[in-house]
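# A closer look at the structure
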Amino acid sequence: GVASVEEIDRLNIFHASQLAIRRAIADLRPQPDYLLVDGWRLREVDLPQWPIVGGDAVSNSVAAASIVAKVYRDALMVELDRAYPGYGFAQHKGYPTPDHRAALARLGPCPIHRRHFRLV
């Protein structure tokens, strides 16, 4: 599941993440009987669930889902690096590294940057 930068800015990162997870669950076929959730209980989901803080260290299923999400996000950042050259997305994957901060200071934000995120 994915949330747009506009949704992140409007909802905040936590609520946008919950929205993306709900979208992913809605697209699952067949629908699951039970959810193992890394973190906190999912709101607006009418399935039994077990929220596990630090779930990727406790559950192989949660750890595998975390890896799938990271691989997807890293591939997306490589694509965005081609669309927005100069920011170094392929290297830092969007994390606020010193190189990312320097690119933002030099180039300003591009359309995929959150508008409410502070550099300090």
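All of the points below concern the structure found in this document.

As a further point, take the overall build of the protein. Each helix and strand counted, the protein has five helices and two strands in total. N-terminal to C-terminal, the α/β element order of the protein is α-α-β-β-α-α-α. Out of the 120 residues belonging to the protein, those deemed buried represent 32%. For the protein, long-range pairs separated by at least 24 residues make up 22% of all intrachain contacts whose partners lie at least 6 apart in sequence. Surface exposure of the protein reaches about 8,100 Å², of which carbon and sulfur atoms provide 60%. Mean positive and mean negative side-chain charge positions of the protein (15 and 13 charges, respectively) differ by 6 Å.

The next subject is the pairing of strand S1 (residues 35-38). Within a regular strand, the side chains alternate between the two sheet faces. Because side chains alternate across S1, one face comprises the buried residues Leu35 and Val37, and the other comprises Leu36 and Asp38, none of which is buried. Judged from the four bridges that link them, S1 and strand S2 (residues 49-52) form a sheet pairing that is parallel. Counterpart to Leu36 in the pairing with S2 is Trp50.

Moving on, we come to the nonpolar core. If you look at the biggest cluster of nonpolar residues, it comprises seven residues: Met77, Leu80, Tyr87, Phe89, Ala103, Leu104 and Cys110. Beyond its immediate chain neighbours, meaning those up to four positions away, Leu80 contacts Phe89 and Ile112. If you look at the next biggest cluster of nonpolar residues, it comprises six residues, including Ile25, Val37, Leu42 and Val45.

Here we come to the packing of aromatic side chains. Considering all chains together, one arrives at one aromatic pair under this definition. Judged by centre distance (5.4 Å) and plane angle (10°), the ring pair of Tyr87 and Phe89 falls under stacked. We note that Tyr87, like Phe89, is buried. Directly above the ring of Tyr95 sits Arg73, whose terminal nitrogen or CZ lies 4.9 Å from the centroid.

Definitions and limits used
Residues numbered from 1 in each chain as written. Predicted model: local features only at pLDDT ≥ 70, side-chain atom pairs only at ≥ 80, totals over all residues. Heavy atoms only, no water. Helix = DSSP H or I, 4+ residues; strand = E, 2+ residues; numbered from the N terminus. Buried < 20%, exposed > 50% of the residue type's maximum accessible area, 1.4 Å probe, protein only. Contact = heavy atoms within 4.5 Å. Areas by Shrake-Rupley, 256 points an atom, 1.4 Å probe, with all protein chains shown as cover. Lys, Arg positive; Asp, Glu negative; His and termini not counted. Charge placed at Lys NZ, Arg CZ, Asp CG, Glu CD. Pairing = 2+ DSSP bridges. Core = buried A, V, L, I, M, F, W, Y, C linked by side-chain atoms within 4.5 Å. Phe/Tyr/Trp six-rings, centres within 6.5 Å; stacked < 30°, edge-to-face > 60°. Lys NZ or Arg CZ within 6 Å of the ring centre and 35° of its normal.

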